[in-house]
Amino acid sequence: MNDDTDNFLPLSPATLHILLSLAAEDLHGYGIMQEVARQSEGKYKLGPGTLYDNLQKLIQHKLVQELGRRPGDDDPRRRYYRLTSLGRGVLAAETDRLGDVVREARLRLQIAKPRRA
Amino acid sequence: MLRSFYRCLLRLHPSGFRKRFADEMLSIFDHSAGKPAAVRLLMDGVVSLARQWTLRPEFWREVAAAQPAACDSVPSFCTLDPFRPRTGAVIQGLLLSAVLFFLTCFAIRYSWIHVLHVRIPEAPRESQLPIRPASSDSASTGVAGPAVAVRSEGNAPLSPSVALRPSHNTPVQPTPPAVATQDRTVQSPSAHSSTAGSPQSQATFGARPAMEGSGAGHPERRLASKSDRTNHPQSNPLPDQSGNAQVEVQQAKPQDATGASAVIPVTPRDVKPHAATLDAAERQVVVNGAIANLTKYYVNPDLGSQMADALRAHEKNGDDDAATDGEAFAVLLTQQMRDLSHDRYLMMVYSAVPNPENPPAPSPEEVALYRKEMERTNCSIEKAEILPHNIGYLKFNRFPDASICGTRVAAAMASLNHADAIIFDLRDNPGGYANMVALIATYLFDRPTHLNDFYNRGENSTEQSWTLPPVPGNRLADKPVFVLTSNSTFSAAEGFSYDLKMLKRATLVGETTSGRGHMGMGHRIDDHFTIRVPGVKVINPISNTNWEGTGVEPDVKVRSAEALKTAQKLAEKKLQQN
């Protein structure tokens, strides 16, 4: 972990889901929304307003890169976005952080069980 | 429909966001399935709109510059200059605009205090000149709505055309019976067309609170003018007083179901005169009409009832039986009323020729005649000059209708604007319109000032008269003012003097004025009898009374002939003190 990535942590759920959905491949906005819905099994629905608001910030902070339109796409209005190396680093850092949180949480829960029993 | 709405929402986003993402958001909307999804997107759009405008000012401009070509399908205005004011500046601008807006509204309201209830008259044509209603007439001279401030009631006659419209009560200045007799003899077409029918007299009397004296109650004047109009001692060449009694009568109309009405006509010669003899039945009708009118209109209700009782008692006693002649009967009834009231304006008038029930409205020619007359006589302004020691002197012999003479009077006042003191000479002023009183008084105050109230007994209503908002550039508001009075100063001229005296704004120099603070109205009883009942009285807001009967006492009593000299000396002295 380094300072560059630490500055962005912790990520908001929307940002985390967006970065996560772009981790595997470049996607357009609608694709991101669908991917987010899939990842969360429909529990987290990202609206376009929230999506592009976050994309705007992510682009400004260079976590995401805008690729522009693709000629062969179904809808010529769509633009694609890609995770930058910085974005990938932030995602990794957030994943680690969350991993620590999960680990800590599990530990605490295990300690707590006997007491309750 | 929903799509259009969504497009509108996108269009309302900050241009930076819009240009960069609106296409894609619309694309997503197009891919949404079903109405519920579209509605959710709409809600999302609303939230996004609020978020972008309130929480993301840093993206308003920066992103817009980066992607200018992204607004293909979303209509928007593009500006050459990407300048965007700071949020703080926008908020300050909004606040400032709101403050200015409220200040403007307040100012408009303030200036409308006297205008709100006013009906702008349809001013008649003045020769070839375009119509200038009261407000515009005065506006051109920097004086706002001269006719307006004075009359706060809707049916206030502001110009001859308005004044002459039939109204329920036609105010007149009653004249003594002897004079009334003279009046009747003047009923001729020539008199009607040349003087009696001129809009001046009609308008003046038609204006209810317009305090027109016109010398109508002044026998000497009336007779002098009647005998030889061209040699009338008064410099005012306006329609003479002999016509007034007739004119006032012309405009009234039937009053009410009691038989009391308000018409005394000018009768053409070809109308068959009334047989002079009276029978008991007609006397009964006349007495009943007189009683009804006294009870309903007389300014002093108690006295009105007492007079009504007296008339009834006289009738029962058979005191009226001797009067078989219409004229004698009118004089007798007048005397009976005056025995009790000593009100010399109260009068029964007999006319040998029938009084029309619905007098015709003044013709445009008559109105034009009045305007011409006003032009010819310079609206009765005899002198407007600067005396030694820079004392302004304005002698005017009438208070003409401000809607017609506002411009000229304003010009006269402007010519005296640089005077160090001002003298108003009302020694030969028989009164006129209250709106002109207010207009001239406007120059003497730096704020709208309450002059007096007009109480109308018949309508049980009170109307206020105020000066107008200050005239821009006026310098007379704080200058010493002197008013010259005489025992020939009547009605509105007395009102002007009294108001300024009560407000301690002027020093009155001369003689006690004639004492006319009530205004009468002619009420038609039948074809030949009309009763004139003082039905409107002036109430000064400071003294809570008026000058009726007592006249206006000058501050410095001197003979009227010496009033000007005295006032000049006083003014000089005052200026030296300053």
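Up top you'll find the structure we're talking about.
Residues numbered from 1 in each chain as written. Chains lettered and ligands numbered in written order. Predicted model: local features only at pLDDT ≥ 70, side-chain atom pairs only at ≥ 80, totals over all residues. Heavy atoms only, no water.

Counting secondary structure elements, chain B contains 21 helices and twelve strands. When each of the 578 residues of chain B is scored for burial, the buried share is 56%. If you sum the accessible surface of chain B, you get close to 24000 Å²; carbon and sulfur atoms cover 58% of it. (Helix = DSSP H or I, 4+ residues; strand = E, 2+ residues; numbered from the N terminus. Buried < 20%, exposed > 50% of the residue type's maximum accessible area, 1.4 Å probe, protein only. Areas by Shrake-Rupley, 256 points an atom, 1.4 Å probe, with all protein chains shown as cover.)

Across its full length, chain A holds five helices and three strands. Across the 117 residues that make up chain A, the buried fraction comes to 44%. Taking all contacts inside chain A whose residues are at least 6 apart in sequence as the whole, residues at least 24 apart take part in 55%. For chain A, the accessible area works out to roughly 6800 Å², and carbon and sulfur atoms hold 52% of it. (Contact = heavy atoms within 4.5 Å.)

With that settled, the discussion passes to helix α2 (residues 15–31) of chain B. Every α-helix winds through 3.6 residues per turn, so residues three or four apart in the chain are directed the same way. All names here are of chain B. For α2, spanning 17 residues, the distance from its first C-alpha to its last is 24 Å, which sits close to the expected 24 Å at 1.5 Å a residue. The largest bend in α2 is about 55°, located at F21. Burial analysis of α2 places 15 of its 17 residues in the buried class, which makes it a mostly covered element. (Expected span 1.5 Å × (residues − 1). Bend = angle between axes of the 7 residues up to and from the residue.)

Residues and elements named next belong to chain A. Spatial strand order, β1-β3-β2: three strands in an open sheet with antiparallel pairing. Looking at the sheet topology across the chains shown, the edges are occupied by β1 (27–28) and β2 (64–68). The pairing of β1 with strand β3 (residues 80–83) spans two bridges and is classified as antiparallel. Residue pairing in the sheet places L27 in a bridge with Y81 of β3. (Pairing = 2+ DSSP bridges.)

Right, let's get into the side chain of A:N54. Along the chain, A:N54 falls in helix α4 (residues 48–60). The residues contacting A:N54, other than those within four sequence positions of it, are A:S12, A:A14, A:T15 and A:I18.

Turning to the sheet that holds strand β3 (residues 381–387) of chain B, a few remarks are in order. All names here are of chain B. In spatial order, the strands read β3-β4-β5-β8-β9-β12; together these six strands make up an open sheet with mixed pairing. Taken across any chain shown, the strands that pair with only one partner, and hence form the sheet edges, are β3 and β12 (556–557). Where β3 and strand β4 (residues 391–396) come together, six bridges link them in antiparallel fashion. What sits directly across from A384, in β4, is L394. Packing against the sheet, helix α18 (residues 402–415) makes contact with β3, β4 and β5 (421–425), and its axis sits at approximately 15° to β3. (Axes fitted to C-alpha atoms, helices over the stretch in contact; angles between N-to-C directions.)

Here we take up the nonpolar core. Residues B:F399, B:M413, B:F424, B:I440, B:V483 and B:F496 are the most contacted members of the largest nonpolar core, which totals 48 residues. In contact with B:V483, not counting residues within four places along its chain, are B:F424, B:L426, B:F496, B:S497, B:L500, B:A506, B:T507, B:L508 and B:V509. Formed by 39 residues, the second largest nonpolar core is a distinct cluster that contains A:L16, A:M33, A:L51 and A:L63. (Core = buried A, V, L, I, M, F, W, Y, C linked by side-chain atoms within 4.5 Å.)

For the rest of this paragraph, the subject is the pattern of salt bridges. All names here are of chain A. In this structure the tally under the stated criterion is 23 salt bridges over all chains. For D26, the salt bridge identified is with R82, shortest N-O distance 2.8 Å. Residue D26 is located in the loop between α2 (13–24) and β1, and its partner R82 is located in strand β3; the two are separated by 56 residues in the primary sequence. Residue class for D26 comes out buried when judged on its relative accessible area of 17%. For R82, a relative accessible area of 36% translates into the label partly exposed. (Salt bridge = Lys/Arg side-chain N within 4 Å of Asp/Glu carboxyl O.)

To continue, consider the pairing of strand β2 (residues 347–350) of chain B. Residue and element names in this part refer to chain B. With burial as the criterion, each face of β2 is covered, one bearing M347 and V349 and the other bearing M348 and Y350. With four bridges connecting them, β2 and strand β11 (residues 529–539) associate as antiparallel partners. Along β11, the bridge assignment pairs Y350 with F529.

Residues and elements named next belong to chain B. Counting across every chain of the model gives eleven aromatic pairs over all chains. For the pair F17 and F21, a centre-to-centre distance of 5.2 Å together with 55° between the ring planes defines the contact as tilted. One end of the pair, F17, and the other, F21, are both in helix α2, four residues apart, so they sit about a helical turn from each other. Taking the relative accessible area as the measure of exposure, F21 reaches 0% and is therefore buried. Summarising the aromatic geometry, the rings of F329 and F529 are spaced 5.9 Å apart at their centres and angled 80° between planes, so their arrangement reads as edge-to-face. One end of the pair, F329, is in helix α16 (residues 326–341); the other, F529, is in strand β11, and 200 residues separate them in sequence. F529 carries the same exposure label as F329, and that label is buried. Through a chain of ring-to-ring contacts, three or more aromatic side chains come together here, namely F396, F399, F424 and F496. (Phe/Tyr/Trp six-rings, centres within 6.5 Å; stacked < 30°, edge-to-face > 60°.)

Here we come to the interface of chain B and chain A. Listed as interface residues are 26 residues of chain B and, on the opposing side, 20 residues of chain A. Note on chain B versus chain A: buried area summed over both sides is about 2100 Å², and carbon and sulfur give 49% of it. Where chain B meets chain A, there are six salt bridges. At the boundary of chain B with chain A, the tally comes to 14 residue pairs in polar contact (both at pLDDT 80 or more). Only α1 (2–11), α2, α3 (35–55) and α4 (58–66) of chain B provide two or more residues apiece to the side of chain B that touches chain A. By residue number, the principal contributor to the side of chain B that touches chain A is α2(B), which donates twelve residues. Classifying every residue of the side of chain B that touches chain A by side-chain character gives ten nonpolar, five polar and eleven charged. (Buried area = accessible area lost by both parts, 1.4 Å probe. Polar contact = N/O pair within 3.5 Å; in protein donor to acceptor, adjacent residues only side chain to side chain. Nonpolar A, V, L, I, M, F, W, Y, C, P; charged D, E, K, R; others polar.)

Residue and element names in this part refer to chain B. With respect to the secondary-structure elements, Q336 resides in helix α16. Overall, Q336 belongs to the buried group, its relative accessible area being 5%. There is a polar contact of 2.9 Å between the side chain of Q336 and the side chain of D320. Once residues within four sequence positions are removed from consideration, Q336 is found in contact with L311, H314, D319 and D320.

Residues and elements named next belong to chain B. Where α2 contacts α3, the two axes come as close as 11 Å, and the packing angle between them is 170°. As far as their axial angle goes, α3 and α2 are roughly antiparallel. Contacts between α2 and α3 pair F17, M25, I28 and F29 from the former with A38, L41, S48 and Q52 from the latter. Residue composition of the contact of α2 with α3, by class: six nonpolar, two polar and no charged. (Parallel < 35°, antiparallel > 145°, perpendicular 65-115°, else oblique.)

Let us now look at the pairing of strand β10 (residues 518–524) of chain B. Residue and element names in this part refer to chain B. When you tally the buried positions in β10, you get seven out of seven residues, the bulk of the element. Residue alternation in β10 divides its side chains into two sets, H518, G520, G522 and R524 and M519, M521 and H523, and both sets are buried. Where β10 meets β11, seven bridges bridge the pair, whose relative direction is antiparallel. Following the sheet pairing, H518 is matched in β11 by K537.

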